[in-house]
Amino acid sequence: MRVLVTGGMGYIGSHTCIQLLNAGHDPIIVDNLSNSKPLVLDRIQKITGRRPGFVLGDVCDKRFLINVLQEHKVESVIHFAGVKSVGESNSLPIKYYENNFIGSLRLIEAMQSANVTSLVFSSSATVYGDPASVPIKESFPIQPTNPYGRSKSMVEQFLQDFQHANSDWSITLLRYFNPIGAHDSGLVGEDPNGEPSNLVPYIAQVAFGKRYSLGIFGNDYDTPDGTGIRDYVHVVDLADGHLAALNKTINTPGTHVFNLGTGRGHSVLEILRAFEEHSKLKIPYSIKPRRQGDIAKCWANVADAHKILQWKATRSLATMIKDTWNWQVMNPNGYDS
Ligand code: NAD
Ligand code: UFG
């Protein structure tokens with residue numbers, strides 16, 4: 001299948017392109033490289049023996065998108081392009097509503113013009129805000145607590161309204177929990193700009209000696225060891241979830257919503273210990289105040305993804321840590337190494 005992958009040069013998109021190529025699909029990437037590097041294409045080619053199509057451009061540009069969709073005879077779209085930092089979204093809300101909401105709106109307009117009616121959209125567990133209980137089911141209330149989360153929930157709402165009015169379309173909303181890890185070749189992984197805001201890249205950089213110490217944001221949560229619990233899922237499992245969504249939903253008109261996680265939670269201290277065990281290194285840390293907007297516990301109910309997509313995350317926490325560490329050691333400065 002010819003699949004347009006917006007944001008395909010980024011962390012989750014690049015791993016998804018690898019899995020698409022391995023499965024015999026033809027991905028065409030559209031990316032403005034605002035948070036990724038051209039070298040990703042060489043790395044994908046090295047891993048798969050094939051080079052995905054790549055067109056430099058912005059998803060807010062409707063005319064450009066129509067041209068790409070038509071020229072490449074695209075049959076389906078996976079939409080990753082967007083911005084994703086919760087903290088930054090508080091200070092730069094326009095950037096978030098523009099790239100995430102306007103970008104998605106323009107993409108749908110372009111798809112409509114080009115008569116492409118199948119979409120898989122990157123949403124996030126952040127749309128659930130602070131849930132009343134765990135595990136989180138897809139039917140839980142949508143109550144995001146920051147501009148990033150609201151931009152995602154607005155796109156979800158828009159896509160549902162649009163599909164309601166265009167009943168032949170198939171739209172799948174994938175709510176990711178916490179993607180970590182890297183391709184097991186060590187050639188493709190997460191390459192944060194500057195100081196990482198997420199836990200696992202931060203730990204990897206401390207373990208490698210690039211940063212002095214990990215700050216743990218609170219040890220007084222209502223959890224067994226007092227630190228926050230999240231559902232960490234291997235990025236390659238997540239990539240496979242997109243293939244499952246593509247295959248299962250392309251011929252099934254409707255709006256489909258799935259959590260993608262493992263269904264298990266791990267605390268910050270558990271992740272730290274797992275990293276120490278694998279790297280055989282002592283990772284210095286100190287307890288800091290809670291981070292504003294953080295919640296105590298978040299993990300997924302993944303029954304729908306199992307049942308309907310026949311998708312299940314298979315990689316263990318040990319594998320996620322091993323692959324993160326391998327990527328860090330092979331690429332001390334990310335793609336600039
Ligand atoms: P990423 O930043 O690594 O990848 C996003 C890609 O989109 C980058 O290559 C960037 O250059 C590109 N891009 C950004 N704005 C664009 C625009 N206007 N036009 C064209 N390209 C643009 O992020 P990621 O971690 O791979 O996340 C992919 C998607 O998944 C995002 O939509 C993100 O919100 C969502 N998501 C990520 C996480 C996570 O923890 N990584 C969790 C839940 C949801
Ligand atoms: N944490 C620390 N120190 C750090 C970074 C994080 O203690 O330096 C803690 C956090 O307090 C939290 C846990 O590690 O308890 C995980 O934090 P992350 O920043 O790695 O992940 P979040 O769960 O906060 O958010 C991530 C993405 C969001 C996405 C969400 C979906 O950043 O974009 O997962 O669940 F929406």
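This section reports on the structure supplied with the text. (Residues numbered from 1 in each chain as written. Chains lettered and ligands numbered in written order. Predicted model: local features only at pLDDT ≥ 70, side-chain atom pairs only at ≥ 80, totals over all residues. Heavy atoms only, no water.)

## Some words on the pattern of salt bridges
For clarity, the threshold we go by: A pairing counts as a salt bridge when a side-chain nitrogen of Lys or Arg comes within 4 Å of a carboxyl oxygen of Asp or Glu. Counting from the N terminus, the helices are the DSSP runs of H or I reaching at least four residues and the strands are the DSSP runs of E reaching at least two. Each residue is placed in one exposure class: buried if its accessible area under a 1.4 Å probe, protein chains only, is under 20% of its type's maximum, exposed if it is over 50%, and partly exposed if it falls in between.
Applying the stated criterion to the full structure yields 16 salt bridges. Linking Glu 156 and Arg 175 is a salt bridge whose minimum nitrogen-to-oxygen distance equals 2.7 Å. Placement of the pair is Glu 156 in helix H6 (residues 147-165) and Arg 175 in strand E6 (residues 170-176), with a sequence separation of 19 residues. Both residues of the pair, Glu 156 and Arg 175, belong to the buried class. In this structure, Asp 237 and Arg 315 form a salt bridge, with 2.5 Å as the shortest nitrogen-oxygen distance. Of the two residues, Asp 237 sits in helix H8 (residues 235-249) while Arg 315 sits in the loop between helix H10 (303-309) and helix H11 (317-330), which places them 78 residues apart along the sequence. A relative accessible area of 25% places Arg 315 in the partly exposed class. Put simply, Lys 37, Asp 191 and Asp 336 are held in one network by salt bridges that share partners.

## Here we look at the site of ligand 2
So the rule is basically this: The criterion for a residue being near a molecule or strand is simple. One of its heavy atoms has to lie within 4 Å of it. Whenever a nitrogen or oxygen atom comes within 3.5 Å of another N or O atom, the pair is scored as a polar contact, on the condition that within protein one atom can donate a hydrogen and the other can accept it, and that pairs from neighbouring residues in sequence are kept only if both atoms are in side chains.
Taken together, 21 residues surround ligand 2, and among them Ser 124, Asn 198, Arg 230, Arg 291 and Asp 294 come closest. One of the side-chain N or O atoms of Asn 198 is found 2.8 Å from an oxygen atom in ligand 2. One of the backbone N or O atoms of Phe 217 is found 2.9 Å from an oxygen atom in ligand 2.

## Regarding the packing of aromatic side chains
Our working rule: Think of it this way: a Phe, Tyr or Trp ring, Trp meaning its six-membered ring, pairs with another when their centres are within 6.5 Å, and the plane angle makes it stacked under 30 degrees, edge-to-face over 60, tilted otherwise. Each ring is checked for a lysine NZ or an arginine CZ that lies within 6 Å of its centre and within 35 degrees of its normal; such an atom marks a charge sitting over the ring.
A full pass over the atoms with the stated rule returns eight aromatic pairs. Aromatic pair Phe 158 and Phe 162: ring centres 6.2 Å apart, planes at 45°, arrangement tilted. Within this pair, Phe 158 and its partner Phe 162 are both found in helix H6, separated by four residues, close to a single helical turn. Both residues of the pair, Phe 158 and Phe 162, count as buried. Here a set of aromatic residues connected by ring pairs shows up, and it is made of Phe 101, Phe 158, Phe 162 and Trp 169. For Arg 211, the ring lying beneath its charged end belongs to Tyr 202, and the centroid distance is 5.9 Å. Against the face of Tyr 221 rests Arg 290, its NZ or CZ located 4.0 Å from the ring centre.

## Thoughts on the side chain of Ser 76
Structurally, the position occupied by Ser 76 is in strand E4 (residues 76-79). Relative accessible area serves as the criterion here: at 0%, Ser 76 is assigned to the buried category. A polar contact is formed between the side chain of Ser 76 and the side chain of Ser 118, at a distance of 2.9 Å.

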